[in-house]
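# Structural characterization, general
Spelled out from the first residue to the last, the chains are:
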Amino acid sequence: MKENEIMKMLYDVQHPAKGDRNIVELGMVDKIDIDGNRVTVTLAFSKHRDPLAEYLIGSTKAALVRHIPGVEAEVKTVIRDEAAKKPVGLNLGLEELAGVRHIIGVASGKGGVGKSTVAVNLAVALARLGYKVGLADADVYGPSVPKMTGTEGAMPEAYKDGDKEVIMPLEKYGVKWMSIGYFARPEQALIWRGPMACNALKQMILQVRWGELDFLLIDMPPGTGDIHISLVHDIPLAGAVIVSTPQAVALADVEKGVSMFRNANVNKPIFGLVENMAWFTPAELPENKYYIFGKDGGAKMAEKYGIPLLGQIPLVQDIRESGDAGEPVALSSRPDGEAFALLAGKLAAAVK
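Residues numbered from 1 in each chain as written. Predicted model: local features only at pLDDT ≥ 70, side-chain atom pairs only at ≥ 80, totals over all residues. Heavy atoms only, no water.

Helices and strands together make up the secondary structure of the chain, namely ten helices and 13 strands. When the 352 residues of the chain are sorted by exposure, 53% land in the buried category. Relative to all contacts within the chain whose residues are 6 or more apart in sequence, the contacts with residues 24 or more apart total 74%. A total accessible area of about 15,700 Å² is found for the chain, and carbon and sulfur atoms account for 51% of it. (Helix = DSSP H or I, 4+ residues; strand = E, 2+ residues; numbered from the N terminus. Buried < 20%, exposed > 50% of the residue type's maximum accessible area, 1.4 Å probe, protein only. Contact = heavy atoms within 4.5 Å. Areas by Shrake-Rupley, 256 points an atom, 1.4 Å probe, with all protein chains shown as cover.)

Okay, the sheet that holds strand β8 (residues 170–172) next. Strand order across the open sheet formed by eight strands is β8-β9-β5-β10-β4-β11-β12-β13, with mixed pairing between neighbours. Two strands close off the open sheet at either side, each with one partner strand: β8 and β13 (309–315). Shown here is a sheet whose adjacent strand axes are inclined to one another by a mean of 25 degrees, direction ignored. Relative to strand β11 (residues 239–244), strand β4 (residues 100–107) runs parallel, the two being bridged by four bridges. Directly across from Ile104, in β11, lies its bridge partner Gly239. Taken strand by strand, helix α3 (residues 115–128) contacts β4, β5 (133–137), β9 (175–179), β10 (213–219), β11 and β12 (270–280), and its axis lies near 170 degrees from that of β10. (Pairing = 2+ DSSP bridges. Axes fitted to C-alpha atoms, helices over the stretch in contact; angles between N-to-C directions.)

This paragraph deals with the pairing of strand β2 (residues 38–45). Counting buried residues along β2, seven of its eight residues qualify, which places the element largely inside the surrounding structure. As defined by bridge partners, strand β1 (residues 29–35) adjoins β2 across six bridges and the pair is classed as antiparallel. The partner of Ile32 across the bridge, within β2, is Val41. Here β1 folds back onto β2, and the loop between the two strands holds two residues, one of which, Gly36, carries a positive phi near 65 degrees.

These results come straight from atomic positions and should not be treated as a statement about function.
Shown next, in the form of structure tokens:
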């Protein structure tokens, strides 16, 4: 193996937030050391540490393993212009969460039930009630917070505070927002294995300067996978809210979510269930309710498991249009907006 051959292999490692330019073009490959079958690549980061550092480290190692059978691959990092420093790692602790009173996961057993819509509007509704609120978009494979809040294209500021790198959340509608979607193009697929996704997610939460918050909502990915396990073990969750629709196929997956949070190794309280798309109300017939996904399925499930039914959110066109426009419906005083205000009040009461 020669250094130039390895350099060519690293052209495969593209930076999602840099127009898919690779780490060689970006000048990030600081040094390549070859010792028999062991290859060590040192990546150089600027003084402002890249929020996607762990993804780039993992992708670099994967490229070496893919191209060189049996290689012993190692990836180190240095901060450019600070050569005297040792290679740095994540250096993540819970310091940035010290001012957060309640961290609440918003979860769902399956996708497609409107979990992110509920999370975003719940955050806005809590802020309108006077609480200090933040939301971390932990759905790393399908981040939707930038679209729903009209913050697409924004880039959070990152800077060095002593020996620690911190990221400043975006603020809009009285809520502090953070999402992996801010660091990749909207059409960019983040092809991550579980450990890489977990590391990126922890950066999105633990390196963010949240400040003083009453509530930090975490929009969790659907299902009950390794990201959820990582979250509940590494983040001091106060508990969770579960979102579902009334139909049987969605409620069957709610049972899995309830079981996960009540598992002895997780053991986090469930503050309640939110039944989304509880009924359909057309704009021209505001008094009518059509139970197109079934009636009161969420209420029955909540009763079965002894958890509160925090709210029933109707399926109305305004919610979809507001989300697409980046203006959460919870900002309005219409009945659909009031449904989220009622939900926020019940959650605040349940947490206290």
